[in-house]
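Spelled out, the chains give:
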Amino acid sequence: RAVAGKCLGRSFVPKTFTDDLDEEPRNDEEAMDLENRRALSKASAEEVKEWQQQLLQQLGSDTCEFLRKRGQEKMRRAAHSEPSASVGGTEPGP
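Residues numbered from 1 in each chain as written. Predicted model: local features only at pLDDT ≥ 70, side-chain atom pairs only at ≥ 80, totals over all residues. Heavy atoms only, no water.

**Student:** Could you give an account of the overall build of the protein, with specific residues and numbers?
**Tutor:** Across its full length, the protein holds three helices and zero strands. The linear arrangement of helices and strands in the protein, starting from the amino end, is α-α-α. Residues counted as buried form 14% of the 94 residues belonging to the protein. Taking all contacts inside the protein whose residues are at least 6 apart in sequence as the whole, residues at least 24 apart take part in 30%. By element, 53% of the accessible surface of the protein is carried by carbon and sulfur atoms, the whole surface being about 7700 Å². (Helix = DSSP H or I, 4+ residues; strand = E, 2+ residues; numbered from the N terminus. Buried < 20%, exposed > 50% of the residue type's maximum accessible area, 1.4 Å probe, protein only. Contact = heavy atoms within 4.5 Å. Areas by Shrake-Rupley, 256 points an atom, 1.4 Å probe, with all protein chains shown as cover.)

This is the structure we're talking about:
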């Protein structure tokens, strides 16, 4: 969902798809992300396919590909920055 007059910040890191669907967002970007993840989690495969086609028609293939790659990169960075991603799931000692 677009918010008129809002510029999406570069520091926003999305949650994994189903994490924290019941949490309260802290800002507009988190609110949009949460709203989108909730809608997608309730949608049928047919609805998702329709939405993808609408986006492709409205934004074009180059923009959709750019956004897809950017989203994948954000998810990759978020997975690497989480403490639980460390070996053994523990913090290193002093």
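**Student:** Quick rundown of the environment of Arg26? Include the residues and the values.
**Tutor:** You can see Arg26 is positioned in the segment before helix H1 (28-42). Arg26 sits in the exposed class, given a relative accessible area of 68%. A polar atom in the side chain of Arg26 sits 2.6 Å from the side chain of Glu30. (Polar contact = N/O pair within 3.5 Å; in protein donor to acceptor, adjacent residues only side chain to side chain.)

**Student:** Any details on the confidence of the model for the protein? Residues and values, ideally.
**Tutor:** Across the protein, pLDDT averages 76, with 65% of residues at or above 70. Across residues 1-13 the pLDDT falls below 50, and counting only partners more than four positions away or on other chains, this stretch makes 14 contacts in the model. Contacts of residues 85-94 to residues separated by more than four positions or lying in other chains number two contacts, the stretch itself having pLDDT below 50. (pLDDT = per-residue confidence, 0-100.)

**Student:** How would you sum up the packing of helix H2 (residues 45-59) against helix H3 (residues 61-81)? Please name residues and give values.
**Tutor:** As a packed pair, H2 and H3 sit with axes 6 Å apart at the nearest point and diverge in direction by 120°. Regarding the angle of H2 to H3, the classification is oblique. Seen from H2, the contacting residues are Leu55, Leu56 and Leu59; seen from H3, they are Ser61, Thr63, Cys64 and Leu67. Classifying every residue of the contact of H2 with H3 gives five nonpolar, two polar and no charged. (Axes fitted to C-alpha atoms, helices over the stretch in contact; angles between N-to-C directions. Parallel < 35°, antiparallel > 145°, perpendicular 65-115°, else oblique. Nonpolar A, V, L, I, M, F, W, Y, C, P; charged D, E, K, R; others polar.)

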